[in-house]
Amino acid sequence: MAKVETNLIHIGEEFNKTNAVVAPIYQSSTYLASEDIDAYITAATAPKYPEFYHRHGNPTNSQVAAIVANLEKTADALVLSTGMAAISTAILALVKAGDHIIAQHAHYSGTTLFFKQFLIDYGIEITHVDQKDINAFEAAIQSNTKLIYLETPSNPNLDITDLELLGRLGKEKGITTMVDNTFASPINQVPSEFGIDVVIHSATKYLGGHSDLTAGIVCGSKEYIEKVWSRSLVLGATLSPFDSWLLLRGLKTLSLRVRQINENAQQLAEWLERNAAIQHVAYVGLPSHPQHELAKKQMKGFTGMMCIEVVGQSEENAFQNAQRILNNLKIFTNAASLGGVESLVVHPASMWGSHHSAEQKQTSGITKGMLRISVGIEHIDDLIADFDQAIRMI
């Protein structure tokens, strides 16, 4: 079996039926119908058929899905227009009115809104638990529980969920387990190895890696991916041809990028932890992280994501110091998103303030002195120097 780096380049090449070394952009909404009626019926009805109508499938979409399914060690995958399209479509393929979902307290903000507003409006019950308490998940199971939804490491507080124990719990109870693997990437973590049924990515982040596309991916069994595909037809969450081509390009360097990001993040986290202006560093690669041993057990690398708590004589003073650091950084860009080649930093309490209550922020571990950092592939000396000069300004 070929290694990851080789598969990223060559998996799914059968979907490129041209002689071009780089797959072309299939900028077409529809394809010439076959004169053979049986072949036409197949094209019109087969899940993800790549050359019938774009909402059904696209050759580049098929190639991307093959690569990511291979990375995540699942039977199949489906690409969609955004990470939220992947999350919402994947969940709606599993639950209906009257069903129950167990979810964590800490999730990506869009996921939190989907659970607490959209799904509840459609008669789906949600129970939120502490992801660090494995017993809480089992205690929350009801007779109508259909899904356990996870995110590890979590956004933004970098808590870890025990994938092996929850994969086993799901199998024992006949409940589907689903994990958002965006923060980790499949280079650092493969949830299916621990018994997780469904894996989701915002491919906008590490998989694309260049902050120039939006996309989402759902990975799972062939039977389940067919259900997701059926939902996507009516929800209209199709990935555009150009974004699909950009994603295919980004995947080719995924392993190289993530490994450099891992290395940079580890060194930056260690430097920040030694700095007196930083009260706390949440990075799963640090021995000080309370779940470091669990992270080592289920992750091959610790990602480029971390959160820092800036010192302050009060909460308001910590907020002011965090804002000063944010404003003084030169290389780190104050912009949403993560996982790109460039380093980014955001203030979660400000970014999510409009749609998170004070209680929700507290439960998710979001404080006013917190900064979330996405480390890129710049030289580590420059990244450390940038934080050093910014901290000296407070």
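Residues numbered from 1 in each chain as written. Predicted model: local features only at pLDDT ≥ 70, side-chain atom pairs only at ≥ 80, totals over all residues. Heavy atoms only, no water.

In the nomenclature of an unreviewed UniProt entry, the protein chain corresponds to Aminotransferase class I/II-fold pyridoxal phosphate-dependent enzyme from the organism Sphingobacterium alkalisoli. For the record of the protein chain, the UniProt heading Sequence similarities (unreviewed entry) holds the text "Belongs to the trans-sulfuration enzymes family." What UniProt records for the protein chain under Cofactor (unreviewed entry) is the sentence "pyridoxal 5'-phosphate". (UniProt positions renumbered as here; feature names shortened; annotations may be inferred.)

A. Layout of the side chain of Asn58. Note on placement: Asn58 falls in the loop between helix H2 (37-45) and helix H3 (59-72). When its relative accessible area of 0% is taken as the criterion, Asn58 is described as buried. Among all residues touching Asn58, those that are not within four sequence positions of it are Tyr26, Tyr31, Tyr49, Pro50 and Pro241. (Helix = DSSP H or I, 4+ residues; strand = E, 2+ residues; numbered from the N terminus. Buried < 20%, exposed > 50% of the residue type's maximum accessible area, 1.4 Å probe, protein only. Contact = heavy atoms within 4.5 Å.)

B. Main features of the sheet that holds strand S8 (residues 278-282). Spatially, the four strands line up as an open sheet ordered S8-S9-S11-S10, and their pairing is antiparallel. With one partner strand each, in any of the chains shown, S8 and strand S10 (344-346) form the two edges of the open sheet. In this sheet, adjacent strand axes meet at a mean angle of 20° when their direction is disregarded. Lying over the sheet, helix H10 (residues 254-273) contacts S8, strand S9 (305-310) and strand S11 (370-374), oriented at roughly 10° with respect to S9. Where helix H12 (residues 315-328) meets the sheet, its contacts fall on S9, S10 and S11, and the angle it forms with S9 comes to roughly 130°. (Pairing = 2+ DSSP bridges. Axes fitted to C-alpha atoms, helices over the stretch in contact; angles between N-to-C directions.)

C. Broad picture of the sheet that holds strand S3 (residues 125-129). Reading across the sheet, the seven strands line up as S1-S7-S6-S5-S4-S2-S3 and stay open at both edges, with mixed pairing between neighbours. The open sheet has two edge strands with one neighbour each: strand S1 (76-80) and S3. The mean inter-strand angle of the sheet, taken between neighbouring strand axes irrespective of direction, is 20°. Judged from the five bridges that link them, strand S2 (residues 100-104) and S3 form a sheet pairing that is parallel. Each bridged residue has a counterpart across the sheet, and for Gln104 the counterpart in S3 is Val129.

D. Highlighting the pattern of salt bridges. Counting across every chain of the model gives 16 salt bridges. For Glu193, the salt bridge goes to Lys73, with nearest N and O atoms at 2.5 Å. On the criterion of sequence distance, the pair formed by Glu193 in the loop between strand S5 (176-180) and strand S6 (198-202) and Lys73 in the loop between H3 and S1 is long-range, its members being 120 residues apart. Glu164 serves as the salt-bridge partner of Lys297, at 2.8 Å between the closest nitrogen and oxygen. With Lys297 in helix H11 (residues 292-298) and Glu164 in helix H7 (residues 163-173), the pair connects residues that are 133 residues apart, well separated along the chain. Overall, the relative accessible area of 48% leaves Lys297 in the partly exposed class. (Salt bridge = Lys/Arg side-chain N within 4 Å of Asp/Glu carboxyl O.)

E. Molecular detail of the nonpolar core. Ranked by internal contacts, the top residues of the largest apolar core, which has 83 residues, are Ile217, Leu247, Leu268, Leu272, Ile373 and Phe387. With eight residues, H10 is the largest single contributor of residues to this core. Looking at this core, you find at least three residues from each of domain 1 (4-250) and domain 2 (254-392). Formed by 29 residues, the second largest nonpolar core is a distinct cluster that contains Ala85, Leu92, Tyr149 and Ala237. (Core = buried A, V, L, I, M, F, W, Y, C linked by side-chain atoms within 4.5 Å. Domains from an automatic or database assignment.)

F. How the structure looks around helix H5 (residues 109-121). Here H5 spans 18 Å end to end across 13 residues, near enough to the 18 Å set by a 1.5 Å rise per residue. Along H5, the largest kink reaches about 30° and is centred on Phe115. Those residues of H5 hidden inside the fold are in contact with helix H4 (83-92), S2, S3 and strand S4 (145-151). Once H5 ends, the next one or two residues include Gly123, with phi positive near 80°. (Expected span 1.5 Å × (residues − 1). Bend = angle between axes of the 7 residues up to and from the residue.)

G. Spatial organisation of the UniProt feature "modified residue: N6-(pyridoxal phosphate)lysine" (unreviewed entry) in the protein chain. As annotated in UniProt, the feature "modified residue: N6-(pyridoxal phosphate)lysine" (unreviewed entry) corresponds to Lys205 in the numbering used here. Within the element layout of this structure, Lys205 appears in the loop between S6 and strand S7 (216-220). In this view, Lys205 contacts Thr182, Ser337, Leu338 and Gly339; residues no more than four positions away in its chain are not counted.

H. Molecular detail of the pairing of S7. Across the five residues that make up S7, a large majority, five, are buried. The side-chain alternation of S7 yields two buried faces, one formed by Gly216, Val218 and Gly220 and the other by Ile217 and Cys219. Pairing of S1 with S7 involves five bridges; the strand directions are antiparallel. Opposite Ala77, over in S7, you have Cys219 as the bridge partner. Relative to S7, S6 runs antiparallel, the two being bridged by four bridges. Its bridge partner being in S7, Val199 is matched across the sheet by Cys219.

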